[in-house]
Amino acid sequence: MKKIVKLVLLLLVVLAAGAGAYLYKTAPLRVETEVLRPETATLTFTEQGDYAYDNQYDLYPLVSGEILGVHVKKGQTVKKGDVIAEVYDPDYPYQVKQLRSSISGYNAQIANLGLQEQKERDNAAVTLETLKGQLATLRAEMAKSGDTTHSIEKQIQVQANVVDMNQRNADLAHEYYRDVRDLDDETIRTAKEAYNQAKSILYQSQLVLEQLRGGKPSEELYQAQESALETQIESTSALLEKGYSSGMQQYYQSQIEAAKLSIAQMTEKKGRATIYAPVAGVITDLPVLNKNIAEQQAPVAKISSEEVVETFIPVREIDGVKVGDQVDLLLDKRMGEKTIKGQVLKIEGEAQVKTSSLGVEERKIRALIQPKENALEIGYDIDVRFTVYTRQNALVVPKTAMFEKDGGDCVWIVKNGVLAVQKVTKGVETSDGCIIEKGLSAGDAVVVDADNENLAQGKRAQS
């Protein structure tokens, strides 16, 4: 009886094992799948960034002297025109004395201008009367008839006097033009026109004299002489009506006013030379704090403006990045990672050899990134994520889902609860997977792990 019981029990165990094996072989294989949906696929790479500034300015004192006060702190944000520091100017009394001496000199120049102008007016008046007399003589000669030789000699004499006067006038015009070259544009233009006109009149009178000395007088030469004398009389009369020294006087007066203003400012400040911020920015260095004396050749402060992120792009990736591209700045903060937008501001043209923390050397190119918002602070750990490829409405499968078969790319799919190998055409490999160009459609369930040894064609599967 006992043997029968043992035999029955053994039979039951064998049957149970067989049933288990059967159920195991016929049960659906549990696999992890991913149902494909159109998505935006991107190809990115990330590089470490550092807080930096695009522009830096070293501030130097205009004078060397005792530091009277420092009005900023390192790390402080300043506006253009803010007072950075004050230095005592030991040359202050001498500078005031020198400015006062300059004012006396300018006043003397103005007084001398009046005397010079009167002298020029007297000379011009004499010249005018002489020209009028020569014109009268010439016209009398033109009215004569008879002794031709006498007429030629008279014309040559008159014309030689005209040439001498024109030479003096040209020399005076040139001297005046030279003296006013540091004045306003209008005065310079007027002086230049007067000089050119004087040169032209001199040339014409010299030409007439040469013609007279080469032959007999003619009606045309008489008329040319008469026209030249009339032009000179007209220009000399205009000079008498116009002040020679108005431009120079305005120049000296402006210098006097500037000197007076400088004296007033120096007197008010009592020798305090103020150093101002030339731009808005952040005080990133303040060496003046450790000194009692400021020197002209040593900076008292450094202002940095235009906060940027500095990063280095591998040469192999540089073709995919250009100025103006949008990037993501990843900030590692206490409360977690924060992402802000940025824009590529500058890319340098020369590569540098950089060594990684693992000792690997790589050629990289420096780039500056402009944050879109003022969210950076010195000391942050910053990563810069560049996006070099974007594809809308793409079907992307995990890289682990891909495998090769018969020389082609394939994936496992679950269709109607059954496993099947599906040939595909692979496109760009993105940061997260592979874009599938052909072979799959939206809604297909792709097996994530193609290395699962239990996968088989036609086998039942469920996720």
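*Asks:* So what exactly am I meant to see when it comes to the overall build of the protein chain here?
*Replies:* Helices and strands together make up the secondary structure of the protein chain, namely six helices and 21 strands. Evaluated residue by residue, the protein chain yields a buried proportion of 35% over its 463 residues. Taking as baseline every contact in the protein chain between residues at least 6 positions apart, the subset at least 24 positions apart corresponds to 75%.

*Asks:* How should the pairing of strand β17 (residues 408-415) be read in this particular structure?
*Replies:* For a regular strand, side-chain orientation follows a simple rule: the groups alternate between the two sheet faces. Bridge count between strand β16 (residues 403-405) and β17: three bridges; the pairing is antiparallel. In the sheet register, phenylalanine 403 faces β17, and the bridge partner there is cysteine 410. The turn joining β16 and β17, which pair antiparallel and follow one another in sequence, is formed by two residues; a positive phi near 50 degrees is taken by aspartate 406. Relative to strand β18 (residues 418-429), β17 runs antiparallel, the two sharing seven bridges.

*Asks:* Could you clarify how one ought to interpret the packing of aromatic side chains in this entry?
*Replies:* Aromatic rings considered in pairs are described by the distance between their centres and by the relative angle of their planes. For the structure on display, the rule yields two aromatic pairs. On the numbers, 5.9 Å between centres and 25 degrees between planes, the contact of phenylalanine 403 with tryptophan 412 is stacked. For phenylalanine 403, a relative accessible area of 18% puts it in the buried group. For the cation-ring pair, lysine 354 lies above phenylalanine 312, with the distance from its terminal atom to the ring centre recorded as 4.1 Å.

*Asks:* Before we go on, may I ask you to explain the sheet that holds strand β4 (residues 65-70) in this structure?
*Replies:* Within a sheet, adjacent strands bond to each other through the backbone by hydrogen bonds, running parallel or antiparallel. One open sheet accounts for four strands, arranged β7-β6-β4-β9; its pairing is antiparallel. The sheet is open, and its two edges are formed by β7 (272-276) and β9 (293-294), each paired on a single side. When strand β6 (residues 83-88) meets β7, the two strands line up antiparallel, connected through five bridges. Bridge pairing in β7 places valine 87 opposite alanine 273.

*Asks:* Please clarify how the environment of leucine 368 should be interpreted in this entry.
*Replies:* Within the element layout of this structure, leucine 368 appears in strand β13 (residues 361-371). Exposure remark for leucine 368: the relative accessible area of 3% places this residue in the buried category. Spatially, the C-alpha atom of leucine 368 lies 7.7 Å from that of aspartate 54, the residues being 314 residues apart in sequence. With sequence-adjacent residues up to four places away left out, leucine 368 is seen in contact with Asp54, Val308, Val309, Glu310, Gln343, Val344, Leu345 and Lys346.

*Asks:* Looking at this model, I keep getting lost on the pattern of salt bridges. Mind explaining?
*Replies:* Close approach of charged atoms lets side chains of opposite charge pair. Taken as a whole, this structure holds eleven salt bridges when the rule is applied. A salt bridge links glutamate 310 to arginine 366; its shortest N-O distance comes to 2.5 Å. With a gap of 56 residues between them, glutamate 310 in strand β10 (residues 301-314) and arginine 366 in strand β13 connect regions that are remote in the sequence. Note on arginine 366: relative accessible area 18%, which makes it buried. With its nearest N and O atoms 3.0 Å apart, the salt bridge here joins aspartate 328 to arginine 385. Placement of the pair is aspartate 328 in strand β11 (residues 326-333) and arginine 385 in strand β14 (residues 381-394), with a sequence separation of 57 residues. What makes aspartate 328 buried here is its relative accessible area of 10%. Note on arginine 385: relative accessible area 28%, which makes it partly exposed.

*Asks:* Where do I start with the nonpolar core in this structure?
*Replies:* The tendency in soluble globular proteins is for nonpolar side chains to be buried side by side. Leu59, Val78, Ile84, Ile275, Ile283, Val300 and Ile303 are the most contacted members of the largest nonpolar core, which has 18 residues in total. For this core, the elements supplying multiple residues, two or more each, are β6 and β10. Top contributing element to this core by residue count: β6, with three residues. Leave out the neighbours within four places in its chain, and valine 78 touches Val72, Ile84, Ala277, Val279, Ala280, Gly281, Ile283 and Ile303. Counting 17 residues, the second-largest nonpolar core is a separate cluster that includes Ile313, Val344, Ile382 and Val384.

*Asks:* So what exactly am I meant to see when it comes to a negative patch on the surface here?
*Replies:* Residues Glu32, Glu34, Glu39, Asp432, Asp449, Asp451 and Glu453 make up a contiguous surface patch of negative charge. Mapped onto the fold, glutamate 453 is located in the loop between β20 (445-447) and β21 (461-462).

*Asks:* Help me understand the environment of serine 431, please; the structure alone is not making it clear to me.
*Replies:* Inspection of the secondary structure puts serine 431 in the loop between β18 and β19 (434-438). Sequence separation between serine 431 and lysine 399 is 32 residues; the distance between their C-alpha atoms is 9.7 Å. For serine 431, the contacting residues outside a window of four places in its chain are Thr42, Leu43 and Thr44.

*Asks:* Explanation requested: the side chain of glutamate 310 in the structure shown.
*Replies:* Within polar-contact distance, the side chain of glutamate 310 engages the side chain of arginine 366 at 2.5 Å. Glutamate 310 has contacts with Gln48, Gly49, Asp50, Ala52, Arg366, Ala367 and Leu368, leaving out every residue within four places of it along the chain.

*Asks:* Honestly, unusual backbone geometry in this entry has me stumped. Any pointers?
*Replies:* Peptide bonds are trans in most cases, and residues, glycine excluded, mostly fall at negative phi. In this structure, aspartate 406 is a non-glycine residue whose phi angle is positive, near 50 degrees. By the element assignment, aspartate 406 lies in the loop between β16 and β17. Residue class for aspartate 406 comes out exposed when judged on its relative accessible area of 70%. Positive phi is not limited to glycine here, since asparagine 416 has a value of about 55 degrees. Here asparagine 416 lies in the loop between β17 and β18.

Definitions and cut-offs
- Residues numbered from 1 in each chain as written.
- Predicted model: local features only at pLDDT ≥ 70, side-chain atom pairs only at ≥ 80, totals over all residues.
- Heavy atoms only, no water.
- Helix = DSSP H or I, 4+ residues; strand = E, 2+ residues; numbered from the N terminus.
- Buried < 20%, exposed > 50% of the residue type's maximum accessible area, 1.4 Å probe, protein only.
- Contact = heavy atoms within 4.5 Å.
- Pairing = 2+ DSSP bridges.
- Phe/Tyr/Trp six-rings, centres within 6.5 Å; stacked < 30°, edge-to-face > 60°.
- Lys NZ or Arg CZ within 6 Å of the ring centre and 35° of its normal.
- Salt bridge = Lys/Arg side-chain N within 4 Å of Asp/Glu carboxyl O.
- Core = buried A, V, L, I, M, F, W, Y, C linked by side-chain atoms within 4.5 Å.
- Patch = residues over 30% accessible without salt bridge, like charges linked within 9 Å, V, L, I, M, F, W, Y side chains within 5 Å.
- Areas by Shrake-Rupley, 256 points an atom, 1.4 Å probe, with all protein chains shown as cover.
- Lys, Arg positive; Asp, Glu negative; His and termini not counted.
- Charge placed at Lys NZ, Arg CZ, Asp CG, Glu CD.
- Polar contact = N/O pair within 3.5 Å; in protein donor to acceptor, adjacent residues only side chain to side chain.

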